[in-house]
Amino acid sequence: MYVIGNKVINSRRFVIKSIYYLIVLFSSLVILGCSSTYTIKDFSSKEKFYDDFNNSAKYKNINITLLNDSSFSGPYGAIISDDSLLTIESIKHRAKLERSSIKEIKDYYKTDFAHPLHLIILANGKEIKGNDIKILPDSSIEYTKWENVYGEKISLKKVKEVSYKNHWLGIPPGFLIGAVSGIATAFTIIIVIIKAFKPSDTQPNDFNLPIIITPYLYSLIGSIWGYMNGYTYTYQFNP
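Residues numbered from 1 in each chain as written. Predicted model: local features only at pLDDT ≥ 70, side-chain atom pairs only at ≥ 80, totals over all residues. Heavy atoms only, no water.

> Can you help me understand helix H2 (residues 46-57) in this one?
Residues spaced three or four apart along an α-helix point in a common direction, a consequence of the helix completing one turn every 3.6 residues. The terminal C-alpha atoms of H2, which comprises 12 residues, lie 16 Å apart, in line with the 16 Å expected from a rise of 1.5 Å per residue. Every buried residue of H2 is listed here: Phe49, Tyr50, Phe53, Asn54, Ser56 and Ala57. Check the buried side of H2 and you find it contacts strand E3 (35-38), strand E4 (62-66), strand E6 (78-81), strand E7 (84-97), strand E13 (159-166) and strand E14 (231-236). Directly after H2, the chain includes tyrosine 59, whose backbone phi takes a positive value near 70 degrees. (Helix = DSSP H or I, 4+ residues; strand = E, 2+ residues; numbered from the N terminus. Expected span 1.5 Å × (residues − 1). Buried < 20%, exposed > 50% of the residue type's maximum accessible area, 1.4 Å probe, protein only. Contact = heavy atoms within 4.5 Å.)

See below:
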């Protein structure tokens, strides 16, 4: 029990109400879903649907769910070709650049001044940098090159849906829900004070800080949760 002056506030009820609004905050974020779902019916043709998928899911960290409810991830995305889903894989290998294709070589440093990194500026303006670059005796360059290749091929008849998340897009709705929940909780605190004190009583300053910081705290919590939950894009092929 809180005793302020000659007034008593039921602390248990106050705590329960605060926990209740926290639950509402997180539940609202989960229920909201922060997602967009697309099917072929949302497009004028199957080709338009496939094109939108290829432009969106390529090079994204996707999750593929099959009709038998098994699922697996594709860290480099996928594309659709000939009514099949082609996963993208990234492989690396050592590549070599001849001196004639190199315009300039610059050294730069991060933290280890004893081991500089190299910046290679090619004749076409492209830049290659990193600590895996090796300058050979003939002034040619050897470096690690990543290439994307197509891996597993899955018939779309077996694919239930493909989804991926954009974590940054989850922040605005999370912030908004957190702010609204924080204001609601602050309002509850005010109601508790009004019920505990008569109009002639002097309002206690002990609750001023919680009232002020609650919306900001909930907004921060909502933003963090929104980022973690992300905004999910789902393409359903056999809903």
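> When you look at the layout of surface pockets in this model, what are you seeing that I'm missing?
Rolled over the atoms, a probe with the dimensions of a water molecule shows which regions are left empty. A volume near 220 Å³ is recorded for the largest pocket. Considering the residues around the largest pocket, the lining is formed by 14 residues, among which Ile40, Phe49, Tyr50, Phe237 and Asn238 are closest to the centre. Residue classes in the lining of the largest pocket are distributed as 6 nonpolar, 4 polar and 4 charged. (1 Å grid on protein atoms, 1.4 Å probe; cavity = no way out; pocket = protein on both sides within 12 Å on 5 of 7 lines; lining within 4 Å. Points joined across faces, edges and corners; volume = space filled by probe spheres on them. Nonpolar A, V, L, I, M, F, W, Y, C, P; charged D, E, K, R; others polar.)

> What's the story with the sheet that holds strand E12 (residues 141-155) in this structure? I'm lost.
Strands belonging to one sheet form pairs held by backbone hydrogen bonds; the direction of such a pair is parallel or antiparallel. Taken in spatial order, the 4 strands line up as E6-E7-E12-E11 in an open sheet, and their pairing is antiparallel. The sheet is open, and its two borders are formed by E6 and strand E11 (134-135), each paired with just one other strand. The pairing of E6 with E7 spans 4 bridges and is classified as antiparallel. When the bridges of E7 are listed, alanine 78 appears paired with threonine 87. Where H2 meets the sheet, its contacts fall on E6 and E7, and the angle it forms with E6 comes to roughly 160 degrees. (Pairing = 2+ DSSP bridges. Axes fitted to C-alpha atoms, helices over the stretch in contact; angles between N-to-C directions.)

> Can you help me understand the pattern of salt bridges in this one?
Where charged atoms from two side chains of opposite charge come close, those side chains can pair. Counted by the stated rule, this structure contains 2 salt bridges. For the salt bridge of lysine 46 with aspartate 83, the shortest nitrogen-to-oxygen distance reads 3.5 Å. Remark: aspartate 83 occurs in the loop between E6 and E7 and lysine 46 occurs in helix H2; sequence separation between them is 37 residues. For lysine 46, a relative accessible area of 33% corresponds to the partly exposed category. Aspartate 69 serves as the salt-bridge partner of lysine 160, at 3.7 Å between the closest nitrogen and oxygen. A residue pair is termed long-range when its members are at least 10 positions apart, and lysine 160 in strand E13 and aspartate 69 in the loop between E4 and strand E5 (71-74) qualify at 91 residues. Looking at lysine 160, the relative accessible area reads 30%, which means it is partly exposed. (Salt bridge = Lys/Arg side-chain N within 4 Å of Asp/Glu carboxyl O.)

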